[in-house]
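For reference, the chains in residue letters:
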Amino acid sequence: MRPDTPAENVDHTAEAARLERTAGLYPEDAEALLLRAAAHLELAGDRPTATTLYDRLLSSPDGLENPHLVRALKASNLWEYGHEAEARAIIEGIRAASPKDPAPWVIVAESLESHDELEAAHETFTEAVQRLLADVEEPPYATHPLLFGRHRVRRMLGRSHDEWDALADTVHSLPITLDELHDPKRVWSLGSENPAELEAEILRLRAELGAYREALSRPFPVAILHWPAPELTELLEAYPTLASEYPTHEEHLATIETALRELSASGTPNLGIVTGTVPSYEAFAASELSSPTDPTLLPQYATTLAARGRAVAWPPQQGAACWCGSGRTYGECHGVDA
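Residues numbered from 1 in each chain as written. Predicted model: local features only at pLDDT ≥ 70, side-chain atom pairs only at ≥ 80, totals over all residues. Heavy atoms only, no water.

Looking up the chain in an unreviewed UniProt entry gives the name SEC-C domain-containing protein, with the organism given as Streptomyces indiaensis.

Student: Can you help me understand the overall build of the chain in this one?
Tutor: Counting its secondary structure elements, the chain contains 16 helices and three strands. A globule of 338 residues ought to have a C-alpha radius of gyration of about 20 Å, and the chain, at 22 Å, matches this closely. When its C-alpha atoms are laid out on the principal axes, the chain stretches across 75 × 45 × 40 Å. Looking at the 338 residues of the chain, the share that counts as buried comes to 39%. For the chain, restricting intrachain contacts to residue pairs at least 6 apart in sequence, the fraction spanning at least 24 positions comes to 57%. When the 27 basic and 54 acidic side-chain charges of the chain are each reduced to a single mean position, those positions are 4 Å apart. (Helix = DSSP H or I, 4+ residues; strand = E, 2+ residues; numbered from the N terminus. Rg over C-alpha atoms; globule rule 2.2 N^0.38 Å. Buried < 20%, exposed > 50% of the residue type's maximum accessible area, 1.4 Å probe, protein only. Contact = heavy atoms within 4.5 Å. Lys, Arg positive; Asp, Glu negative; His and termini not counted. Charge placed at Lys NZ, Arg CZ, Asp CG, Glu CD.)

Student: Even after reading the chapter, I still don't get helix α9 (residues 163-171), so can you show me in this structure?
Tutor: The periodicity of an α-helix, 3.6 residues per turn, causes residues three or four positions apart to be oriented the same way. Regarding α9, the residues found buried are Trp164, Asp165, Ala168 and Val171. Along the axis of α9, the buried residues cluster in a sector spanning 125°; they form a single face. Counted as exposed and oriented over 90 degrees from the buried face of α9: Glu163 and Thr170. Against the buried residues of α9 lie α7 (118-133), α8 (144-157) and α10 (178-181). Measuring from the backbone nitrogen of Trp164 back to the side-chain oxygen at the start of α9 gives 3.1 Å, which picks out Asp162 as the cap. (Arc of directions from axis to C-beta. Polar contact = N/O pair within 3.5 Å; in protein donor to acceptor, adjacent residues only side chain to side chain.)

Student: I would appreciate a short explanation of the environment of Asn270 in the present structure.
Tutor: Tracing the backbone through its elements, the reader meets Asn270 in the loop between α14 (249-265) and β2 (271-275). Separated by 11 residues in the primary sequence, Asn270 and Ala259 place their C-alpha atoms 14 Å from one another.

Student: Help me understand unusual backbone geometry, please; the structure alone is not making it clear to me.
Tutor: When glycine is set aside, most residues are seen to have a negative phi, and most peptide bonds are trans. With an omega dihedral of 0°, the bond running from Trp314 to Pro315 counts as a cis peptide bond. With respect to the helices and strands, the residue Pro315 is situated in the segment after β3 (312-313). Of note, Asp116 is a non-glycine position whose phi angle comes to about 65°, a positive value. Overall, Asp116 belongs to the exposed group, its relative accessible area being 67%. Residue Asn270 is not a glycine yet carries a positive backbone phi of 55°. What makes Asn270 partly exposed here is its relative accessible area of 26%.

Student: Would you take a moment to explain the packing of aromatic side chains for this structure?
Tutor: Think of a pair of aromatic rings as described by two things: how far the centres are apart, and how the planes are tilted against each other in angle. Enumeration according to the criterion identifies four aromatic pairs in this entry. Ring geometry for Trp227 against Tyr281: centres 5.9 Å apart, planes inclined by 85°, an arrangement best described as edge-to-face. With Trp227 in the loop between β1 (222-226) and α13 (229-238) and Tyr281 in helix α15 (residues 278-287), this residue pair connects regions lying 54 residues apart in the sequence. Summarising the burial analysis for this pair, Trp227 and Tyr281 share the class buried. (Phe/Tyr/Trp six-rings, centres within 6.5 Å; stacked < 30°, edge-to-face > 60°.)

Student: For this particular structure, what's the right way to read the layout of surface pockets?
Tutor: Sizing a probe to match a water molecule and rolling it over the atoms shows the empty space that remains. Size it by volume and the second largest pocket reaches roughly 310 Å³. Contributing elements (two or more residues each) for the lining of the second largest pocket: α1 (12-25), α2 (30-43) and α3 (47-58). The element contributing the most residues to the lining of the second largest pocket is α2, with three residues. In the lining of the second largest pocket, the residues fall into six nonpolar, three polar and six charged. (1 Å grid on protein atoms, 1.4 Å probe; cavity = no way out; pocket = protein on both sides within 12 Å on 5 of 7 lines; lining within 4 Å. Points joined across faces, edges and corners; volume = space filled by probe spheres on them. Nonpolar A, V, L, I, M, F, W, Y, C, P; charged D, E, K, R; others polar.)

Student: Hey, could you run me through α3 in this one?
Tutor: Here α3 contains 12 residues, and its C-alpha end-to-end distance of 16 Å stays within 8% of the 16 Å for a straight helix at 1.5 Å per residue. In the core, the buried residues of α3 are packed alongside α1, α2 and α4 (67-80). (Expected span 1.5 Å × (residues − 1).)

Student: When you look at the pattern of salt bridges in this model, what are you seeing that I'm missing?
Tutor: Pairing of side chains with opposite charge becomes possible as their charged atoms draw close. Applying the stated criterion across every chain yields a total of 22 salt bridges. We note a salt bridge from Arg155 to Asp179, for which the minimum N-O separation is 3.7 Å. Of this pair, Arg155 sits in helix α8 while Asp179 is found in helix α10, placing the two residues 24 residues apart along the sequence. A relative accessible area of 27% means that Arg155 is categorised as partly exposed. If you follow the salt bridges from partner to partner, you end up with Glu92, Arg95, Glu123, Glu127 and Arg131 in one network. (Salt bridge = Lys/Arg side-chain N within 4 Å of Asp/Glu carboxyl O.)

Student: In this structure, what is going on with the sheet that holds β1? I would like to understand it.
Tutor: Sheet strands line up and pair through hydrogen bonds in the backbone, either parallel or antiparallel. An order of β1-β2-β3 is seen for the three strands of this open sheet, with the pairing classed as mixed. Bordering the open sheet on either side are β1 and β3, each of which pairs with just one other strand. Where β1 lies against β2, five bridges are found, and the strand directions are parallel. When the sheet's bridge partners are listed, Ala223 is paired in β2 with Gly272. (Pairing = 2+ DSSP bridges.)

Student: Would you explain the side chain of Glu231 in this entry?
Tutor: Following the sequence through the fold, Glu231 ends up in helix α13. For the buried residue Glu231, which engages in no salt bridge, the nearest side chain bearing the opposite charge is Arg310, 11 Å off. Apart from residues lying up to four places away in sequence, Glu231 is in contact with Gly276, Thr277, Val278 and Pro279.

Pasting the structure below:
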């Protein structure tokens, strides 16, 4: 169950406890599951326990896929129940680390904005778009909240449009313009006795809600399954019949990149890559009451990993490491002819 489910339809405390238990059963998915559990605890008003979960993740001996995201969520949560100094210190640390994932930037900038730190929020949004979008022709979907948030804050500060605001207008797809949605005077119209003004504001709020629901309802990535070389060797030693699916590791990697480029060219959005492991695949096959030798299980396994939040967006951000694990940047590796 998603944390955005209305409170009257879910016991957030019970849902958080269920997710914690599930994380114990699937340690490879613990990060995603515990983050959802913490979100439910925040909605239940139990912010100290949510912080405990964030601390538990940050102290994990196995490391995290996205530690900056966890720190950003922890900072936002801390500020909400009075730990402003600690939250500010974490936010400054995240800005100094300059993560390549847009999500931590969005969270810390919106946290500053929600506490009326508009100048600091504007600086954070601006720093993020300059670092993540400077050499990008088409802003990835995940970066849109950075552009929209910056536009919103600039409207509140009374700044005139610049090139990033123009880009935000370009990627904005709703019938009501960003200038209307982010008009600081809108708050006054909610107290108006003029029916026309109230009706106009209701239309604007519906448009915002539509955008929020669209973001929440985006499907899981169309995910392609990737086997690192040691895992593929182990898989084929255990199940030799799968060699017809994976003749060589090099061909496997080339097939992934080709398939993703073809999907992208056909207009398929929200593409991603999930990395498999043999124990996880065997457990999945057992749960499906099937044999790991069945090749039809492979795409189902990929979809299941994506549904658990294990997908990594493709293509990688500018300057990010290649998805194949070579240690080189994507532009120097599989993205060289992109």
